Amino acid sequence: MRLQCEVEVRSRLLPTCGLRGRAKGAHALLSLGRQPDRPPGRGGPSAGHSVYLMVCTARDRAGARYKANASNLKTFLAAVRLAHRGTDVEALPLSVLVPAKTSEVEKPKTKMIITSRRDYPLTKNFPYSLEHLQASYCKLARVDMRMLCLKKLRKLDLSHNHIKKLPETIGDLVSLQELNLHNNHLESFCVALCNSTLQKSLQFLDLSQNKIKALPVQFCQLQELIHLKLDDNELIRLPFKMGQLSQLRFLSAARNKLPFLPSDFRNLSLEKLDLFGNPFEQPNPLVPSIQLKIPLTLLESAARATVNYRIPYGRHLLPSHLCEDLEVAKTCQCGNACLSCFIQTTVTMNLHYVAHTVVLVDNMGGTEAPIVCYFCSLTCYSQFLDRYLQSNR
Ligand SMILES: [Zn+2]
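Residues numbered from 1 in each chain as written. Predicted model: local features only at pLDDT ≥ 70, side-chain atom pairs only at ≥ 80, totals over all residues. Heavy atoms only, no water.

**Student:** Looking at this structure, how should I read the side chain of Thr306?
**Tutor:** Examined against the element boundaries, Thr306 turns out to sit in helix 6 (residues 298-308). Beyond its immediate sequence surroundings of up to four residues, Thr306 is in contact with Ile311, Tyr313 and Leu326. (Helix = DSSP H or I, 4+ residues; strand = E, 2+ residues; numbered from the N terminus. Contact = heavy atoms within 4.5 Å.)

**Student:** Looking at this structure, I do not really get the packing of aromatic side chains. What am I missing?
**Tutor:** For any pair of aromatic rings, geometry is given as the distance between the ring centres together with the angle between the planes. With the rule as written, the count across this model stands at seven aromatic pairs. Each ring, one from Phe342 and one from Tyr374, has its centre 5.4 Å from the other, and the planes form 90°; the classification is edge-to-face. Pair noted here: Phe342 is in strand 16 (residues 342-350) and Tyr374 is in strand 18 (residues 368-375), with a separation of 32 residues, a long-range link. A single burial state applies to Phe342 and to Tyr374, both of which are buried. Ring centres of Phe375 and Phe384 lie 4.9 Å apart, and the angle between their planes is 35°; on these two criteria the pair is classed as tilted. Cluster of aromatic residues (ring-pair linked, three or more members): Phe375, Tyr381, Phe384 and Tyr388. (Phe/Tyr/Trp six-rings, centres within 6.5 Å; stacked < 30°, edge-to-face > 60°. Buried < 20%, exposed > 50% of the residue type's maximum accessible area, 1.4 Å probe, protein only.)

**Student:** What's the story with the sheet that holds strand 1 (residues 2-7) in this structure? I'm lost.
**Tutor:** Pairing between the strands of a sheet is mediated by backbone hydrogen bonds and can be parallel or antiparallel. Pairing is antiparallel across the open sheet formed by four strands, whose spatial order is 1-2-3-4. Taken across any chain shown, the strands that pair with only one partner, and hence form the sheet edges, are strand 1 and strand 4 (64-68). If you compare each strand with its neighbour and ignore which way they point, the axes differ by 25° on average. Sheet topology places strand 1 next to strand 2 (residues 26-33); six bridges connect them, and they run antiparallel. By the bridge assignment for strand 2, Leu3 is matched with Leu30. (Pairing = 2+ DSSP bridges. Axes fitted to C-alpha atoms, helices over the stretch in contact; angles between N-to-C directions.)

**Student:** Even after reading the chapter, I still don't get empty space enclosed by the protein, so can you show me in this structure?
**Tutor:** Here the idea is plain: a probe the size of a water molecule rolls over the atoms and shows the empty space left. Scanning all chains against the criterion turns up one cavity of 30 Å³ or more. Empty space within the largest cavity amounts to approximately 30 Å³. Lining the largest cavity we find Lys165, Leu166, Ser188, Phe189 and Cys190. Along the lines of polarity and charge, the residues of the lining of the largest cavity split into three nonpolar, one polar and one charged. (1 Å grid on protein atoms, 1.4 Å probe; cavity = no way out; pocket = protein on both sides within 12 Å on 5 of 7 lines; lining within 4 Å. Points joined across faces, edges and corners; volume = space filled by probe spheres on them. Nonpolar A, V, L, I, M, F, W, Y, C, P; charged D, E, K, R; others polar.)

**Student:** What's the story with the coordination of the zinc ion in this structure? I'm lost.
**Tutor:** Four donors placed tetrahedrally around a metal ideally meet at 109.5 degrees, and six donors placed octahedrally ideally meet at 90 or 180 degrees. Coordination of the zinc ion by the protein comes from Cys332 (SG), Cys334 (SG), Cys376 (SG) and Cys380 (SG), over a distance range of 2.2 to 2.3 Å. Taken together, the four donor atoms coordinating the zinc ion and their angles of 104 to 114° define a geometry best described as tetrahedral. (Donors = N, O, S within 2.8 Å, 3.2 Å for Na, K, Ca; no water. Tetrahedral: all angles 85-135°; square planar, octahedral: opposite > 155°, others 65-115°.)

**Student:** Would you mind showing me how to read the layout of surface pockets here?
**Tutor:** Considered as a void within the structure, the second largest pocket measures approximately 490 Å³ in volume. Every residue lining the second largest pocket is counted, 24 residues in all, and those nearest its centre are Phe240, Asp264, Ala329, Lys330 and Thr331. Contributing elements (two or more residues each) for the lining of the second largest pocket: helix 6, helix 7 (320-327), strand 14 (330-331) and strand 18. Counting residues per element, the lining of the second largest pocket draws most heavily on strand 18, which supplies three residues. Classifying every residue of the lining of the second largest pocket by side-chain character gives ten nonpolar, eight polar and six charged.

**Student:** Hey, could you run me through the environment of Leu198 in this one?
**Tutor:** Structurally, Leu198 is set in helix 5 (residues 198-201). A sequence separation of 24 residues divides Leu198 from Val174, and the C-alpha atoms of the two residues are 6.9 Å apart. With residues near it in sequence (within four places) discarded, Leu198 still touches Ile170, Gly171, Leu173, Leu176, Leu193 and Leu222.

**Student:** Just checking my understanding: could you explain helix 7 for this structure?
**Tutor:** Every α-helical turn comprises 3.6 residues, leaving residues that sit three or four positions apart pointing alike. All of the buried residues along helix 7 are Leu322, Cys323 and Leu326. Relative to the axis of helix 7, the buried residues are bounded by an arc of 100° and lie together on one face. Those residues of helix 7 that are buried lie in contact with helix 6. (Arc of directions from axis to C-beta.)

**Student:** Teacher, can you tell me more about the environment of Val307 here?
**Tutor:** Along the chain, the position of Val307 falls in helix 6. Sequence-wise, Val307 and Ala337 are 30 residues apart; in three dimensions their C-alpha atoms are separated by 6.4 Å. Discounting residues that sit within four places of it in the chain, Val307 has contacts with Leu326, Ala329 and Ala337.

Any link to function would need more than the numbers given here.
Spelled out as structure tokens, the structure:
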């Protein structure tokens, strides 16, 4: 659509710079359109659906382009159409012609880095447009609720503070991809966060240098995680279903209190793994922990059948504690499920089996760690033992 008319272009930025712009009307061709497509292979963002307003004058025939926000443009054009139809001026959605506020003409602020308590804003709100916020060394004891209104936030760095607990509402930050909580006083990571929208967005999580003892089973629902740092905590175990983090590529849990790895750990496929400085136990498959009742209880038989035959269940059918138990059913080496009747032992796994690059586990040059195995029956355990004894003969 093109329109020939007198156009006067005023820079809205000039008044904010303390200058007064004196524009003169010029005869121009006004076009409303899309950016012509780039030839393929040139790179750069494609024009997509962006609409531009272009002003061409005798002096500038190539024209100046102004990107138009589609919804604002619609309202604007609707007003023009109403005027064109001769609608009563009183009924038009007109604006009062007043100078713009600074916030209306300034480019929205997307990044804010605060690295001292002195610079921390106490009375002023954070700009709503922020995509990257860092507030480190601010002695924060909790997450500031004002941060949780920043819906565009993609990167939140609260490292080096004194945060003890995370609010569940962090999960409302729908765009959050990176969360850095390095060096705080966290003692847990709550289940509500594992069930939140973070499942779909969170790719980087740094919980290193805190006081976390265990992560919930639901932690493995954070399916988009690529980078996870858990170093220097008090972890006595890793999440039971760790192997479900199929996108995970970088994992570090150095200097924790891990005696062994969960059996699911062997399903991971990592680029880099660091488990240095954990008190790993020496595996002894000949001394298993036996929690096997024969004959099996009715509950155990029913639970095994439910998992093995993939019978659908839910909280509308079963008590919720049973559902929780079923969610952490163990898998025997034969592929069958077991709930609370099983034989458990640890075996040695070379960590290169799950990771391309492995940081040494100890100062002795080892890259091996103990991993848990479960057996559903005496038969399965004795078959394993035969193989084990043969290979160690
Ligand atoms: Zn078995």
